[in-house]
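# Residue-level structural notes
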Amino acid sequence: GTALVGVNFTHVAVMAAAAIEVVGFSSLVLSVSPYPAFAGSAGVDVQNLSRIAGTSPAVFQKAALAATMVLNNGSSLVLPAASVSFTSLQPAVATVVQGSILQGLSSGVATVRATAAGRSVDRAVAVIDQPVTVVAFHNLGLGANGSLWLLAANSSAGLLFPTLTGTYGSTHQMAVGVELSDGRVFDNIFDVATGAALLPGLVTFSSSDPSVASVGNASGLLTLLQNAAGVVNLTVSSGGQTAMLRVYCNLAPASGDLDLGQVAGVAVPAVMQGEDVELPVFVNTGNRTLGAYDISIELDASALEVNDVTQEHAGGAMDWNVFA
């Protein structure tokens, strides 16, 4: 019903009143949606948790649990997960983890119960050994963990692909998202914090030149080893689906080291006989000031002739920028 609440003050002639609608708790509704969430997943009602094909050991899908309080005026209120107790009455089939995530474990039907404000509601969720497969990949690239980075492609400079760069032996966790045959989407199948595979065995990585850039077959851990004379293909596959990241590989100098060639793209591009080539020299001074330097470069005189040396200071900490 409706209650009228009045407020008045004894020391001044001011009074106000407000009508408040009083509603009751009518029922509790338990909703089950895909986990992890993706665009549009809030409107998906999960009935089944399937096995994900290729995972080893076998991984079944998860679902997010939520409870909604329906009031007797027809309105509803989604309850905070912390105020609801979610349990599985068949924990060998599916169990509740992290408070409100339902994890499938083995074939069968689990009754999931939500309890809040003295009310409970049950619903059945089937765990089925009917596998779902990868139908598409997306967002293949570098993840959050590592010390490599990608320089963007620059078509105006003739760089059609990004450049993978970093110091020798540097590693980085790759990232890739998948779409499954039942429409579920994983934005990244690797844990952002730890780099661990969330769906072990689902995908396989490979490199077209592992002597330049190697990648863990199952882990997706990428290691940069040397410059590449061309483009390196980093491939991920699952079943009949593949995706490819094409990159130039270009080592950056470590602190106290120097590097020859371009910063982006192929360090020393191929040239025709008799063609001039510019060979930049980069010195990584780290956080120290470089007082003086003497650089000796050995070249194969039968293949390359030095015509000119341009003395420049492209930037960096030096005591004095003087060239003799």
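Bear in mind that the values here come from a model prediction, so they are computed numbers and not experimental data.

## Focus on the overall build of the protein chain
The helix and strand tally for the protein chain stands at zero helices and 24 strands. A globule of 324 residues ought to have a C-alpha radius of gyration of about 20 Å, yet the protein chain, at 31 Å, is considerably larger. Projecting the C-alpha coordinates of the protein chain onto the three principal axes gives extents of approximately 95 × 70 × 30 Å. The proportion of buried residues among the 324 residues of the protein chain is 33%. Partitioning the intrachain contacts of the protein chain with sequence separation of at least 6 by distance along the chain shows that 57% fall at a separation of at least 24. In the form shown here, the protein chain has an accessible surface area of approximately 18200 Å², with 55% of it arising from carbon and sulfur atoms. The centroid of the 8 positive side-chain charges in the protein chain is displaced by 30 Å from the centroid of its 21 negative side-chain charges.

## Here's the deal with the sheet that holds strand β11 (residues 108–116)
Taken in spatial order, the five strands line up as β5-β4-β12-β11-β8 in an open sheet, and their pairing is mixed. Every interior strand has two partners, whereas the edge strands, β5 (59–60) and β8 (85–88), have only one. Here nine bridges tie β11 to strand β12 (residues 119–132), and the two strands are oriented antiparallel to one another. If you follow T111 over to β12, its bridge partner there is A124.

## Thoughts on the packing of aromatic side chains
Tallied over the entire structure, the rule returns two aromatic pairs. Pairing F190 with F205 gives two aromatic rings, centres 6.0 Å apart and planes at 40°, and the pair type is tilted. Residue F190 is found in the loop between β17 (185–186) and β18 (204–207), and its partner F205 is found in strand β18; the two are separated by 15 residues along the sequence. Note on F190: relative accessible area 3%, which makes it buried.

## A short note on the pairing of strand β1 (residues 2–8)
Little of β1 is tucked away: zero of the seven residues are buried. Two strands pair when backbone bridges link them, and β1 and strand β2 (residues 15–21) are joined in this way by seven bridges, in the antiparallel orientation. Bridge pairing in β2 places G6 opposite A17. Linking two consecutive strands that pair antiparallel, namely β1 and β2, is a turn of six residues.

## Some points on a nonpolar patch on the surface
Together, L258, V268, V271, V277, L279, V281, V283, I297, L299, L304, V306 and V309 make up an exposed nonpolar region whose accessible area comes to about 900 Å². As for its placement among the helices and strands, L279 is situated in the loop between β23 (258–260) and β24 (281–283).

## Re the sheet that holds β18
Taken together, five strands build an open sheet; the order of strands is β14-β15-β22-β21-β18 and the sheet is mixed. Here the strands that pair on one side only, and so sit at the sheet edges, are β14 (149–151) and β18. On average, adjacent strands in this sheet sit at an angle of 35° to one another, irrespective of strand direction. Note: β14 against strand β15 (residues 163–166), three bridges, orientation antiparallel. Its bridge partner being in β15, L150 is matched across the sheet by L164.

## Considerations on the side chain of R123
In this structure, R123 sits in strand β12. By relative accessible area, which is 16% here, R123 ends up buried. A distance of 3.0 Å separates polar atoms of two side chains, one belonging to R123 and the other to D45. Residue contacts for R123: discarding those within four places in its chain leaves L30, S31, V32, D45, V46, Q47, A110, T111 and V112.

## Describing the environment of S26
Structurally, the position occupied by S26 is in strand β3 (residues 25–35). Taking C-alpha positions, S26 is 9.5 Å from S76, a pair spaced 50 residues apart along the chain.

## A closer look at the side chain of H172
In this structure, H172 sits in strand β16 (residues 171–180). A residue is classified by how much of its surface remains accessible, and H172, at 6% relative accessible area, is buried. Here the side chain of H172 touches N145 through a polar contact of 3.3 Å, landing on its backbone oxygen. At a separation of 3.4 Å, a polar atom in the side chain of H172 contacts the main-chain amide nitrogen of S147. Not counting residues up to four positions away in its chain, the partners in contact with H172 are L142, G143, A144, N145, G146, S147, L148, G220, L221 and L222.

## Some words on the nonpolar core
Formed by 33 residues in total, the largest nonpolar core has its most connected members in F205 and C249. For this core, the elements supplying multiple residues, two or more each, are β13 (134–146), β16, β19 (213–215), β20 (221–224), β21 (231–238) and β22 (241–251). In this structure, V46, F60, V125 and V127 belong to the second largest nonpolar core, which totals 25 residues.

## Notes on the pattern of salt bridges
Summed over all chains, the structure comprises four salt bridges. For R51, the salt bridge goes to D129, with nearest N and O atoms at 2.4 Å. In this pair, R51 is assigned in strand β4 (residues 48–52) and D129 in strand β12, connecting sequence segments 78 residues apart. Among the residues examined, R51 registers a relative accessible area of 22% and is labelled partly exposed. In this structure D129 comes out as partly exposed when scored by relative accessible area, which is 46%. With a shortest N-O distance of 3.9 Å, D182 and R184 are connected by a salt bridge.

What counts and how
- All chains use their own residue numbering, which begins from 1 and follows the written sequence.
- The model is predicted, so local features are restricted to residues of pLDDT at least 70 and side-chain atom pairs to those at 80 or more, both for listing and for counting; the totals for chains, interfaces and linings are taken over all residues.
- Side-chain metrics rest on all non-hydrogen atoms present in the structure, leaving aside hydrogens and water.
- Numbering of helices and strands runs from the N terminus; a helix is a DSSP stretch of H or I covering at least four residues, while a strand is a stretch of E covering at least two.
- This radius of gyration counts C-alpha atoms alone. The globule rule is 2.2 Å times how many residues there are, raised to the power 0.38.
- Burial classes: relative accessible area under 20% of the type maximum marks a residue as buried, over 50% as exposed, and values in between as partly exposed (1.4 Å probe, protein chains only).
- Throughout, a residue-residue contact means that at least one pair of heavy atoms, one from each residue, lies within 4.5 Å.
- Areas reported here follow the Shrake-Rupley algorithm with a probe of radius 1.4 Å; residue values treat only the protein chains shown as occluding.
- We treat Lys and Arg as the positive residues and Asp and Glu as the negative residues; His and chain ends play no part in the count.
- Working definition for charges: the position is that of NZ of Lys, CZ of Arg, CG of Asp or CD of Glu.
- Any two strands with at least two DSSP-identified bridges between them are counted as paired.
- Note on aromatic pairs: the rings of Phe, Tyr and Trp (six-membered ring only in Trp) are paired at centre separations within 6.5 Å, and the planes decide the class, stacked below 30 degrees, edge-to-face beyond 60, tilted for the rest.
- Only residues whose relative accessible area exceeds 30% and that take part in no salt bridge are eligible for patches, with like-charged residues grouped when within 9 Å of each other and nonpolar side chains (Val, Leu, Ile, Met, Phe, Trp, Tyr) grouped when within 5 Å.
- The term salt bridge refers to a pairing of a side-chain nitrogen on Lys or Arg with a carboxyl oxygen on Asp or Glu at a separation within 4 Å.
- Here an axis means a line fitted to C-alpha atoms, over the contact stretch when the element is a helix, while the angle between two N-to-C directions is reported on a 0 to 180 degree scale.
- Identification of polar contacts relies on pairs of N or O atoms within 3.5 Å, with a donor-acceptor requirement for protein atoms, meaning one able to donate a hydrogen and the other able to accept it, and with residues adjacent in sequence counted only if both atoms are side-chain atoms.
- What we call a nonpolar core is a set of buried Ala, Val, Leu, Ile, Met, Phe, Trp, Tyr and Cys residues that are connected through their side-chain atoms within 4.5 Å.

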